[in-house]
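# Survey of secondary and tertiary structure
Take a look at the letters that make up each chain.
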Amino acid sequence: MADTKREIERKFEFGSEKAARRGLPDLAGTAGIAAVADRGTVELDAVYYDTPDQRLAADGLTLRRRTGGADAGWHLKLPVSPGVRDEIAAPLSDTVPRPLAALLRSRVRDGGLEPRVRLLSSRTISHLLDAEGTVLAELSTDRVRAEAGQTGAGPAGAAAGQTAAGPAASWTEIEVELAEGTDPALLDAVEKAFRAAGIRVSDAPSKLARALAETGTAPAPRPAPGPAEDTAGAHVLAYLRLQRDALIAQDPAVRRGLPDSVHQMRVACRRTRSALKTFRKVLDRTATDPLGDELRWLAAELGADRDQEVLHARILDRIAELPRTLLQGPVRSRLRTWHAARRAGTRRRALAALDSKRYLALLDALDALLDDPPLRAAADKPAAKVLAKAILRDHDRLATRIAAARALEPGTDRDLALHEARKAAKRARYAAEAAAEALGKPATRQAKAVKAVQTLLGDHQDSVVAREALRDIGLQATAAGDSAFTWGVLYAREEALAAAGERELADVWANASDPALRADLTP
């Protein structure tokens with residue numbers, strides 16, 4: 001079993017030997033701190049693990065096995081924002097606990113974890129208390145010794161102190177970690193008091209990062225996120241790297257069930273797949289099409305749970321809009337029952353996909369594509385010309401689909417055609433966003449205009465799906481002997497909303513197909 005807590009802290013160090021001799025200032029009276037209570041000294045022994053190529057350290061993650069102190073065990077720390085991390089803890093064991101290993105799977109994959117650094121810390125602890133004696137924060141001063149290199153023969157060997165010879169470093173670090181519910185402004189007040197005493201904010205984001213830096217064992221710095229040169233190939237590959245990294249980063253968030261994580265992971269899949277299609281003059285599609293198929297599979301496996309949740313929320317909103325006189329029968333309870341039955345197993349389906357060998361093969365294939373891309377002749381040409389042509393091709397494709405849909409009579413065929421237009425709008429939008437760094441404002445304006453079309457068509461498709469669901473629920477109500485009246489009313493409202501969207505499409509599309517937008521993009 002793993003426990004999670006949000007860790008909000010700030011690390012400091014003495015700015016000079018003189019400041020170190022003076023020690024810490026008395027923080028009583030600073031902000032809401034009424035007293036500082038000494039909690040003694042503990043000895044901590046932590047071994048940090050990583051892949052052989054240090055993928056965790058490169059992404060700012062830390063995995064350690066620590067003995068000593070009140071929270072001995074395994075700890076995985078995931079960055080949230082500067083100074084904020086989520087710490088996920090599990091009990092001591094000789095191997096990495098399965099819940100933590102699962103959260104690292106997108107980075108570790110079929111490889112292994114090995115001990116990289118051992119940190120021995122003598123920690124002096126104080127609690128910062130308010131006037132009622134409530135703990136506001138923990139203040140600790142750590143005298144740290146870092147020993148880099150292979151550490152013991154697994155966790156048991158590391159715990160026994162079996163450390164291979166390697167570079168070492170020592171330093172003193174001060175840390176202030178907020179208690180749950182404490183205003184983060186307290187850290188600013190403490191920092192101000194520390195600065196006056198010659199104590200500055202540490203440059204290192206974590207002990208591990210400092211240990212790796214000071215022992216000369218830090219991973220090689222990652223290349224800048226943007227393109228290395230102004231060619232079409234460099235821009236497309238830089239965009240694909242961003243999406244690959246987003247896919248990997250969202251994996252643990254999806255496993256933890258964090259809000260919007262499934263959506264963001266699925267968007268990364270779709271953007272990658274769209275780019276492989278849009279920029280077919282840059283990357284050989286005979287090599288990328290199989291990868292696109294796998295990305296479509298993953299997006300579908302992830303999407304079942306979210307799609308059902310979005311549909312449920314939409315119907316709930318429509319029910320809330322109805323006056324009570326139109327609510328006939330156990331409407332909300334029937335919706336809950338229907339939703340529970342439809343959603344059963346959808347989250348398990350998403351997690352099963354992330355635990356599959358097929359998913360790991362997909363991640364490896366993405367890495368292989370980026371390491372040795374199947375570039376075509378256009379890849380060496382100036383980015384602006386090649387990418388602009390790609391955006392215009394996708395825009396023309398969207399225009400064809402919208403014209404075909406609008407030529408049809410209202411009904412199922414038109415609904416299907418508008419759904420195809422929606423997918424084309426999404427691809428056209430992603431193409432413009434991918435080219436924004438090379439083309440600047442013209443691409444940004446194009447993306448914004450096409451997004452409006454995508455949003456309108458998306459709402460239309462949501463209405464189509466909602467009507468199918470409402471018909472299904474209405475039939476269930478009838479079979480159970482309940483009134484289906486309310487479900488019919490909701491169906492009619494969705495039908496009216498879809499018709500209104502179809503009428504609005506002409507104006508929204510006219511804005512997106514403004515010749516001035518095309519002229520700005522024309523090479």
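Above this text you will find the structure in question.
Quantities reported herein were computed from a predicted structural model and do not represent experimental measurements.

## A closer look at the overall build of the protein
Summing up its helical and strand segments, the protein has 19 helices and nine strands in all. Along the longest, intermediate and shortest principal axes, the C-alpha atoms of the protein span 85 × 65 × 45 Å. Relative to its full complement of 523 residues, the protein shows a buried share of 47%. A separation threshold of at least 6 residues defines the contact pool for the protein, and within that pool the share at least 24 residues apart is 75%. By element, 52% of the accessible surface of the protein is carried by carbon and sulfur atoms, the whole surface being about 24,600 Å². Averaging the positions of the 79 positive and the 73 negative side-chain charges in the protein gives two centres separated by 3 Å.

## Digging into the packing of helix 14 (residues 383–406) against helix 18 (residues 485–512)
The relative placement of two packed helices is expressed as an angle between their axes plus a distance between the axes. Across the interface, helix 14 lies against helix 18 with an axial gap of 12 Å and an inter-helix angle of 160 degrees. Viewed along their axes, helix 14 and helix 18 adopt a mutual orientation that is roughly antiparallel. Viewed along their axes, helix 14 and helix 18 form a crossing whose handedness is left-handed. The segment helix 14 lies against helix 18, with His395, Leu398, Ala399, Ile402 and Arg406 engaging Leu505, Ala506, Trp509 and Ala512. A breakdown of the residues in the contact of helix 14 with helix 18 according to their chemical character gives seven nonpolar, one polar and one charged.

## Description of the environment of Ala193
Within the secondary structure, Ala193 sits in helix 6 (residues 185–196). Sequence separation of Ala193 and Ala31 is 162 residues, and the distance between their C-alpha atoms is 10.0 Å.

## Details of the pattern of salt bridges
Counted by the stated rule, this structure contains 54 salt bridges. Linking Lys11 and Glu175 is a salt bridge whose minimum nitrogen-to-oxygen distance equals 2.4 Å. A residue pair is termed long-range when its members are at least 10 positions apart, and Lys11 in strand 1 (residues 3–14) and Glu175 in strand 8 (residues 168–178) qualify at 164 residues. There is no split in this pair, since Lys11 and Glu175 are both buried. The shortest N-O distance in the salt bridge between Asp289 and Arg285 comes to 2.9 Å. One end of the pair is Asp289 and the other is Arg285, both in helix 10 (residues 285–321) and four residues apart, which spans about a single turn.

## Side note on helix 17 (residues 441–479)
Given a rise of 1.5 Å per residue, 39 residues ought to cover 57 Å, and the 57 Å separating the end C-alpha atoms of helix 17 matches this to within 8%. Looking at the residues trailing helix 17, positive phi occurs at Gly481, about 85 degrees.

## Structural notes on the environment of Leu392
Residue placement: Leu392 occurs in helix 14. In this structure, the C-alpha to C-alpha distance between Leu392 and Arg518, residues 126 residues apart in sequence, is 7.4 Å. When sequence neighbours within four positions are dropped, the list of residues in contact with Leu392 reads Arg518, Leu521, Thr522 and Pro523.

## Description of the pairing of strand 7 (residues 135–148)
Across the 14 residues of strand 7, 10 count as buried, placing the element largely inside the fold. The pairing of strand 6 (residues 114–129) with strand 7 spans 13 bridges and is classified as antiparallel. By the bridge assignment for strand 7, Ser122 is matched with Arg143. The antiparallel hairpin formed by strand 6 and strand 7 contains five residues in its connecting segment, where Gly133 sits at a positive phi of about 85 degrees. Across 11 bridges, strand 7 lies against strand 8 in antiparallel orientation. Bridging across to strand 8, Ser140 finds its partner in Glu175.

## A word on the nonpolar core
One finds Leu240 and Leu298 to be the most contacted residues of the largest nonpolar core, which totals 52 residues. Elements that contribute at least two residues to this core include exactly helix 8 (232–256), helix 9 (261–278), helix 10, helix 12 (346–354), helix 13 (357–371), helix 14, helix 15 (412–434) and helix 17. Top contributing element to this core by residue count: helix 8, with eight residues. The residues contacting Leu240, other than those within four sequence positions of it, are Thr272, Ala275, Leu276, Leu283, Leu369 and Leu370. Counting residues in hydrophobic clusters, the runner-up holds 19 residues, among them Leu398, Leu418, Leu456 and Leu457.

## Regarding the pairing of strand 5 (residues 84–90)
With six of seven residues buried, strand 5 is to be regarded as a mostly interior element. Pairing geometry for strand 1 and strand 5, over six bridges, is antiparallel. Paired with Thr4 across the two strands is Ile88, which belongs to strand 5. Of the pairings in the sheet, the one linking strand 4 (residues 73–81) to strand 5 comprises seven bridges and is antiparallel in character. From the neighbouring strand, His75 faces strand 5, where its bridge partner is Ala89. A loop of two residues connects strand 4 with strand 5, the two strands running antiparallel in sequence, and Gly83 in this loop sits at a positive phi of about 80 degrees.

## Considerations on helix 9
Its 18 residues place the ends of helix 9 25 Å apart at the C-alpha level, agreeing with the 26 Å of an ideal helix rising 1.5 Å per residue. Buried residues along helix 9 sit against helix 8, helix 10, helix 12, helix 13, helix 14 and helix 15.

## A few points about unusual backbone geometry
At Gln54, a residue that is not glycine, the phi angle is positive and equals roughly 60 degrees. For Gln54, the position within the fold is in the loop between strand 2 (35–50) and helix 2 (55–58). Assessed through its relative accessible area of 7%, Gln54 is described here as buried. Positive phi, close to 70 degrees, is recorded for Asp260, a residue that is not glycine.

## Regarding the packing of aromatic side chains
Counted under the stated rule, the structure contains two aromatic pairs. A centroid spacing of 4.9 Å and a plane angle of 90 degrees characterise the contact between Phe12 and Phe194, whose relative ring orientation is edge-to-face. Here Phe194 lies in helix 6 and Phe12 lies in strand 1, a separation of 182 residues in the sequence. Both residues of the pair, Phe12 and Phe194, count as buried. A centroid spacing of 5.4 Å and a plane angle of 45 degrees characterise the contact between Tyr49 and Trp74, whose relative ring orientation is tilted. Of this pair, Tyr49 sits in strand 2 while Trp74 is found in strand 4, placing the two residues 25 residues apart along the sequence. Take Tyr49: its relative accessible area is 4%, and that puts it in the buried class.

Definitions and cut-offs
Residues numbered from 1 in each chain as written. Predicted model: local features only at pLDDT ≥ 70, side-chain atom pairs only at ≥ 80, totals over all residues. Heavy atoms only, no water. Helix = DSSP H or I, 4+ residues; strand = E, 2+ residues; numbered from the N terminus. Buried < 20%, exposed > 50% of the residue type's maximum accessible area, 1.4 Å probe, protein only. Contact = heavy atoms within 4.5 Å. Areas by Shrake-Rupley, 256 points an atom, 1.4 Å probe, with all protein chains shown as cover. Lys, Arg positive; Asp, Glu negative; His and termini not counted. Charge placed at Lys NZ, Arg CZ, Asp CG, Glu CD. Axes fitted to C-alpha atoms, helices over the stretch in contact; angles between N-to-C directions. Parallel < 35°, antiparallel > 145°, perpendicular 65-115°, else oblique. Left-handed = near helix turned anticlockwise from the far one by under 90°. Nonpolar A, V, L, I, M, F, W, Y, C, P; charged D, E, K, R; others polar. Salt bridge = Lys/Arg side-chain N within 4 Å of Asp/Glu carboxyl O. Expected span 1.5 Å × (residues − 1). Pairing = 2+ DSSP bridges. Core = buried A, V, L, I, M, F, W, Y, C linked by side-chain atoms within 4.5 Å. Phe/Tyr/Trp six-rings, centres within 6.5 Å; stacked < 30°, edge-to-face > 60°.

Functional significance is not addressed by these values, which are geometric in nature.
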